[in-house]
Amino acid sequence: MAKPRKPKNEDQKGDNSETVVHHQKLCLSIDMDKRLVYGYTELEMSVPENGVVGLHADNLAIERVTVDGEPAEFEVFPHYLHLDSENRWCAVSSATSAADAAGSVYLSSLERELVPNLMIMCSKSVKTVSDWQGQPNSENGLQFSQEPKQNVKLVRVDYWVEKAETGIHFEGNVLHTNNQIRRARCWFPCMDDSSHRCCYDLEFTVASNFVAVSSGNLLYQVLSKDSPPRKTYVYRLHVPVPAQYISLAVAPFEIFPDRNSGLLSYMCLPADLSQLRNTVGFFNGAFSYYEEYLSAPFPFGSYTQVFITPEMAISSVSLGASITILSSQVLYDEKVIDQTIETRIKLAYALARQWFGVYITAETSTDEWLLDGLAGFLTDSYIKRFLGNNEARYRRYKENCAVCKADDSGATALRPPSSRDLYGTQCIGLYGKIRSWKSLAVLQMLEKQMGPESFRKILQIIVRPQDMTRTLRTLSTKEFRHFANKVGNLERPFLKEFFPRWVESCGCPVLRMGFSYNKRKNMVELAVMRGCTASSDAIAKVADGKLESENRDGDVGWPGMMSIRVHELDGMYDHPILPMAGDTWQLLEIQCHSKLAAKRFQKPKKGAKPDGSDDNGDAVSTLDVRSNADSPLLWLRADPEMEYLAEINFNQPVQMWINQLEKDRDVVAQAQAIATLEALPQLSFAVVNALNNFLSDTKAFWRVRIEAAYALATTATEETDWAGLLHLIKFYKSRRFDANIGLPKPNDFHDIPEYFVLEAIPNAIAMVRAADKKSPREAVEFVLQLLKYNDNNGNPYSDVFWLAALVQSIGELEFGQQSIPFLSSLLKRIDRLLQFDRLMPSYNGILTISCIRTLTQVAYKLSEFIPLDRVIDLIRPFRDFKIMWQVRIEASKALLDLEFHSKGIDAALTLFIKYLEEEPSLRGQVKMGVHVTRLCQIRSRSDPDEIKSETLVSLLRLLESPFAFNNVILRHYLFCILQVLAGRPPTLYGVPRDETLRMGHAETCSELKNIFAAIVKQSKTAEPLMDMPNISHMECAGDIPNQSYMEPTEVPHFSHPEPTAEPTVDISNLSQPEHINLLQPDASVDIPNLSPQEAPADVLRPSQPPQVHIPSLSHDGLAIPELSKEADTVSNSHERRKPVFKIRVKQAAASSRADDADNATLEKSQGGHNDADRGASSSVSVDAPQRNFTEAVSLSNQNLEEVNSCHDPGSRMTASIGSAKLASEGDELGKELQCTADSSKVSMLPPPDDRSSPSIAKDNGGTTKTQKYASLQILCVPGHDHDSVSLATGDLPSHSKKERTKDKEKKRKRDDKGHRDDPEYIERKRLKKEKKRREKEMARLLGGEAKTSSSLELQKPETKLGMDSREANVSAGRLQVGKDENETRLPSASRDAKSSSVELHGSNERERRGTKVTTVQVKPGEASGGGSKVVIKMAESRADATEASSTHKFRIKIKNRTLNKT
């Protein structure tokens, strides 16, 4: 028995740890003259426990953020930041390396877009969800009574749109949005994710002569008293939808209400109103039919269709909740015939998506196929109802054929385990279309299995208005499978095989069949061989990701039985006997019902022809159409009802195919018969006559008749005496020529099916070829005659498509010696039509487009007769931006074709890049991208023309540019072009990716919120804050092939109208689930290889070393590296200051073994925030250099003339440590230590790729790259006992000395066990023990020195380290500085109760053999005023002369001062 479905009454995630938007209000003011969009949005949000919410916001200038009316801290991390350098792509030398780089760039940019980038700090409140129920905003229909209490805040964001380049666009006097993937964030802050849905209140203020139409119901309009007056349109959307489906269009629209329904309205620009009236006349019928079929009213209160000019829209259909923005290209007037069917299907599909896709949404991204398929199924039902069953079946047959040809890899699997890694790109391009067709075919197979009524009932259940406790209307594959079992009565074993095979895998069955008739048994013996369109390797690759993939031992099967339909003399019989699983070879026996003995057949007369015809036709019986007199079979068909998505190759005699064509009334059977007869190697007159008879049959479906016409053209050869060509000409002349004068009659298009058939005849005639592959002279003369004498006088319909078909037929001709004299006449006709269309533009420029296409085809076919330069000069003027958009794009595509055929793919790609930069319309860019992708696909693999590396680099730069960021579809095609050039499929599926960078964006968002919360929390205690916007950048590490050519680049400057606050970070206690490495190399942000679009915003798993480097940009352009794994945050304060880090770490009683490099891990601060510090604390101020953001320490910009990049020799590093307090019963001692070091070389590169532990540095067998770090760790000393010294990492309970000794012993044993076999670890341990022994000996020798004060000066040749003193209380501390090529770090630790040691030693493995070790011991003074004792120990081991030349000069001053006890 099936398990009951879980009720989906929880809102979104249902737990308090996630941010949930319950309701959003958007109020915008739009100034069309100044191209400005500004206003605010209010969000009712459930705030997580850490008090930080994350939103998506790009291209927006955030003015202020308030939470419940109170100013709040916020940070914006732009998802896109352009980085480029001369050497960035220097290693891209081949198409393969470019494809690898493109995959990394594309993946990282897509991954980064998933992470919220507007972080807002919301303090906790006792107000819960239930408090909002009594407020007016609860009218949106949401009920929270079933949910646990949540911390709900009202967040208001005031902003304006900085760049209306993507998501929202100004075009002339029109503003409109589009629903590109993850681009709603570019015009209002939101949770831009399909899994987050809420209700909306929308207000748009525009000039009084404009109309603002948006999602939801129009409540009212308000006219202001301003001068000039402005009008506010107020909308309310009561159904929760994703932010992607909030649409807006503002223009001086003409409104055309539907005559039959008050729910429907249509809008367009004034010039298109007449076409609009004619186009939408049918729409009310489709709207009513959907409501009737689904037994449910339209889910939104109203539905509006808005038509804008084609160049404005990125696609012909842009979906929104209760609104669809379409291209006016689909509009047509009463004179146009050809556009009618396509427009009606497109509008019907857009309406179906309102139910399935906008109202009902996918539960997860892997369920998108289901909504796409259901919308297609609803559209298919409309086609059956209003356009006829023949149209629906023919379309489905053609779509299934296309799917079978393309379904050969995991890219076409509807729900592969890795589809979540495609980031929504699976719906773009050719594979997107294939997936859409396949999803429809799968649902139609289920409908065949369960019956149409059961399937309709399931759809009615899905769209039925839900109870108010279930606010989210989502659908999952699992839930639909449950419906198929319970409502559709499909058995569980069948469904258990059906969904994994058809939905979660790839490949379609390929069946090859043949039969023989057994006269003695009166049986048909059918032999079947089953295969698959996808290889076993492709299927296994998809199955590897499944948790419950079954091992079929290489056998690919499908559930169910296929029917075989046998047409006999006595009738038609179906036999469902062919199993789709099991043995690949099968032999079936089908019992025949007709008996030969019961029939008498007339014997053929003597001298009869083999095909059954005779000179005396009246005397021959025409009843016997059998292929064999000894068989009762007329023809056989496999899967006649298209119950399976399968490729079927049936082998039967020619006569049986002719019988199927002539006798079967099914359009699919007719199309199959025509395709088989056309492909026959030996053609007979019987085949030609059968095709001609079908062409002349006016009762046959017109689309199949067109296929018969093209088949006749194929059969027209010298062997058949050009019978096909003669039949085509005769058929056309019988209907369109005047028999008396032998010239075409004026056009008459009243018979629409006949119009479509006759329109295709000239193109079919132009495809006839002689033995020399040239067109016959008769075909060329016929096409010229039609062009010359075309007359449309008296015809109520436009002949623009008719003429366009005639012109394109010229392009299909192949001119030989006999037909070349006609070329000049044909070209004159084309030129005449071009001039005519320029004076009187045709519908959508169709005529000019066809002329350009034909000229292009003729030019590269006859390049020896026609100079290409002349043709290019003729076409180039049509690229003028004043020309109609469709014509301009066609001219660009034609010039690309000519460049490709004359100079090769490299020249075509160079021209493509140039045209892209010149093309202003997003849709035009996309169409050129599609065209160039096709050119790359038809490029010969043996083409000697290699692609230059400069061209590949230009494509890569274009891929990661703002140009591609603004156009999501173009970006995908740019990626596809680079993949196709490398011989790979044009899809993101299967693109190799670095698994070390893979993680869920939920984890990234959570970590980012936690870190931001801690930083903002601590910054409140440091100094007052103001709400000043600060734009920072978030980056993450990533690797792509050819790392050597990528260099860190300079970060561009970001400007903002308001002053920037001081970037201050004050960390006292961080409460986070994972360890954060504070001021350690592993926590550094390092992006030497990837630009922002390449690096995914990942948070590495705990087992992996944090390789994330995230620069934070101030308005001075300074890179401010941060302490977190996620992103840098810049707090807002009163005034503009130098970017300075301030880090406060509270005391802890836990000790750390900082000397052990293997275990120098960085502990996260623990504990909550306390305003008053009870113990010791230390403050570190680190200033950053201006030019490089890959540093782990910050350098001050006070002396910019002294500050160089960390990669330059002689860079200056300063660090100050102070304010370390010790509370003792006797007295208080203050010390301060400030050091300045000039390093000759400090380079910041990624840490070693060691996944075992987040250690500071490890040597991976000598294979690790040279890496240099500067790190700082803060020392804090508890104030209870002079004998206790510990490393402060948080507020931890104190332990006794005995307990600490036990902990150390346990840790030592554990470490020894883990590193027992590591020779490097053993050597380090030995050196450490030797060092301790020497320290003890030196301490005994120097134990009797003076106790007052001391100064130390160590002279080294090059560098100088000076220490000034500031008032500080230091009882014990240890500063360790290690400099080597792998790391430079300053960890601190302590283990001596009464003395502090400052130790400088080199930790590099190379310098470990020859290093000067200096130990300074400082003993605290007495309460009466004693000073401190400084003990200097110089332990010098083997040192080479070369090492001595790179040593440093240190000057250290330590000043003690006794403070009186109060």
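Each remark here, short or long, concerns the structure printed above.
Residue indices begin from 1 for each chain and proceed along its sequence in written order. Residue-level local features of this predicted model are given only where pLDDT is at least 70; pairs of side-chain atoms are given and counted only at 80 or more, and the full residue set underlies all totals for whole chains, interfaces and linings. To get the side-chain values, all heavy atoms of the structure are used, and hydrogens and water are removed first.

A word on the packing of aromatic side chains. Stacked, edge-to-face and tilted labels apply to pairs of Phe, Tyr and Trp rings (six-membered ring for Trp) whose centres lie within 6.5 Å, assigned for plane angles under 30 degrees, over 60, and everything in between, in that order. The full count for this structure, using the stated rule, is 36 aromatic pairs. Where F749 meets Y755, the ring centres are 4.6 Å apart and the plane angle is 55°; that geometry is what we call tilted. Judged by relative accessible area, which is 2%, F749 ranks as buried. The buried label applies to any residue whose accessible area, calculated with a 1.4 Å probe on protein chains only, is under 20% of its type's maximum; exposed applies above 50%, and partly exposed to all values in between. Using a relative accessible area of 2% as the deciding quantity, one classes Y755 as buried. Geometrically, a charge over a ring is one whose NZ (Lys) or CZ (Arg) sits within 6 Å of the ring centre while staying within 35 degrees of the ring normal. R156 extends its terminal NZ or CZ atom over the ring of Y40, reaching a point 3.7 Å from the ring centre. Between the NZ or CZ atom of R183 and the centre of the ring of F965, over which it lies, the distance is 4.2 Å.

So, about helix α20 (residues 823-839). Helical geometry: 3.6 residues make up each α-helical turn, so side chains three or four residues apart lie on a common side. By definition, any uninterrupted DSSP run of H or I lasting at least four residues is a helix, any uninterrupted run of E lasting at least two residues is a strand, and each is numbered from the N terminus. Expected span, for any helix, means 1.5 Å times one less than how many residues it has. Given a rise of 1.5 Å per residue, 17 residues ought to cover 24 Å, and the 25 Å separating the end C-alpha atoms of α20 matches this to within 8%. Looking only at α20, the buried set comprises L823, L826, I830, L833, L834 and D837. When α20 is viewed along its axis, its buried side chains cluster within an angular range of 105° and face the same direction. Looking at α20, the residues exposed on the side facing more than 90 degrees away from the buried face are K828, R832 and L839. Among the structural elements, α18 (777-788), α19 (800-812) and α21 (846-861) are those in contact with the buried residues of α20. This arc is taken over the directions from the axis of the helix to the C-beta atoms. We call two residues in contact whenever any of their non-hydrogen atoms come within 4.5 Å of each other.

With that settled, consider a nonpolar patch on the surface. There is a patch of nonpolar side chains on the surface, built from L219, Y220 and V222 and spanning about 270 Å² of accessible area. You can see V222 is positioned in strand β13 (residues 217-223). Within the patch definition used here, like charges are joined within 9 Å and nonpolar side chains (Val, Leu, Ile, Met, Phe, Trp, Tyr) within 5 Å, considering only residues with over 30% relative accessible area and no salt bridge. Methods summary: accessible areas were calculated by the Shrake-Rupley approach with a probe of 1.4 Å, and residue burial reflects only the protein chains presented. Any Lys or Arg side-chain nitrogen found within 4 Å of a carboxyl oxygen on Asp or Glu counts as a salt bridge.

The buried fraction of strand β4 (residues 60-67) amounts to six of the eight residues, a majority that puts the element mostly inside the structure. At least two bridges found by DSSP between two strands is the condition for calling them paired. Of the pairings in the sheet, the one linking β4 to strand β8 (residues 151-161) comprises seven bridges and is antiparallel in character. Counted as the bridge partner of V65 is V157 from β8. The pairing of β4 with strand β5 (residues 70-71) spans two bridges and is antiparallel.

With that settled, the discussion passes to the side chain of S594. Inspection of the secondary structure assignment puts S594 in the loop between β27 (585-591) and β28 (633-638). Residue S594 is classed as buried on the basis of its relative accessible area of 2%. Excluding anything up to four places from it in sequence, S594 contacts N522, E568, L569, D570 and P632.

To continue, consider the sheet that holds strand β6 (residues 74-76). Sheet architecture is open: three strands sit in the order β3-β7-β6, paired in antiparallel fashion. Bordering the open sheet on either side are β3 (52-55) and β6, each of which pairs with just one other strand. Here the average twist between neighbouring strands, direction ignored, is 15°. Two strands pair when backbone bridges link them, and β3 and strand β7 (residues 118-121) are joined in this way by four bridges, in the antiparallel orientation. Paired with L55 across the strands is L118, a residue of β7. Note on definitions: angles span 0 to 180 degrees between N-to-C directions of axes, and those axes are lines fitted to C-alpha atoms, for helices only across the stretch in contact.

Now for a positive patch on the surface. Taken together, the side chains of K346, K433, K927 and R934 make up a positively charged region of the molecular surface. Relative to the elements of secondary structure, R934 occurs in helix α25 (residues 922-938). Its relative accessible area of 52% is what places R934 among the exposed residues. Positive charge is attributed to Lys and Arg, negative charge to Asp and Glu, and no charge count is given to His or to the chain ends. Here the site of a charge means NZ on Lys, CZ on Arg, CG on Asp, or CD on Glu.

Take the sheet that holds strand β17 (residues 264-268) next. Strand pairing in a sheet relies on backbone hydrogen bonds. The paired strands run either parallel or antiparallel. If you trace the five strands from one edge of the open sheet to the other, you get β16-β17-β18-β20-β19, paired in mixed fashion. Where the open sheet ends on each side, the last strands, each with one partner, are β16 (254-257) and β19 (317-320). Averaged over all pairs of adjacent strands, the angle between strand axes in this sheet comes to 20°, irrespective of strand direction. Examined bridge by bridge, strand β18 (residues 303-308) and strand β20 (residues 323-327) share five bridges and lie parallel to one another. Directly across from F307, in β20, lies its bridge partner L326. Lying over the sheet, helix α3 (residues 283-294) contacts β17 and β18, oriented at roughly 140° with respect to β17.

Glancing now at helix α14 (residues 685-696). An ideal rise of 1.5 Å per residue puts 16 Å on 12 residues; α14 measures up with 16 Å between its terminal C-alpha atoms. The complete set of buried residues in α14 reads V687, V688, A690, L691, N692, F694 and L695. Looking at the buried side of α14, the elements it contacts are α12 (654-663), α13 (667-678), α15 (702-715), α16 (723-736) and α17 (752-766).

Turning to its location among the elements, Q937 is positioned in helix α25. Classification of Q937 by relative accessible area gives partly exposed; the value is 38%. Considering only alpha carbons, one finds Q937 and I977, 40 residues apart in sequence, at a separation of 8.7 Å. Setting aside chain neighbours within four positions, we find Q937 in contact with V980 and P986.

Glancing now at the nonpolar core. Considering soluble globular proteins, one finds that nonpolar side chains tend to be buried as a cluster. Throughout, nonpolar core names a set of buried Ala, Val, Leu, Ile, Met, Phe, Trp, Tyr and Cys residues whose side chains join them through atoms within 4.5 Å. Grouped together as the largest cluster of nonpolar side chains are 325 residues, with contacts concentrated most on I120, F356 and L446. With 11 residues, the single largest contributor to this core is helix α28 (residues 968-981). When residues no more than four places from it in sequence are discounted, the contact partners of L446 are F455, F480, L490, F494, L495, F498 and F499.

For the rest of this paragraph, the subject is the pattern of salt bridges. Counting across every chain of the model gives 37 salt bridges. Here E391 makes a salt bridge to R395, at a shortest N to O gap of 2.8 Å. Residue E391 and its partner R395 are located together in helix α6 (residues 389-406), separated by four residues, close to a single helical turn. According to the relative accessible area criterion, E391 is buried, its value standing at 3%. As a salt-bridge pair, R879 and E918 come within 3.2 Å of each other at their nearest N and O atoms. A residue pair is termed long-range when its members are at least 10 positions apart, and R879 in the loop between α22 (868-875) and α23 (885-903) and E918 in helix α24 (residues 905-918) qualify at 39 residues. A relative accessible area of 11% places R879 in the buried class.

Within the element layout of this structure, R735 appears in helix α16. Since its relative accessible area comes to 28%, R735 is described here as partly exposed. As for R735 and L758, which are separated by 23 residues in sequence, their C-alpha atoms are 8.5 Å apart. Two N or O atoms form a polar contact when they lie within 3.5 Å of each other; inside protein one atom must be a possible hydrogen donor and the other a possible acceptor, and for residues adjacent in sequence the pair counts only when both atoms belong to side chains. One polar contact links R735 to E754, side chain to side chain, over a distance of 2.7 Å.

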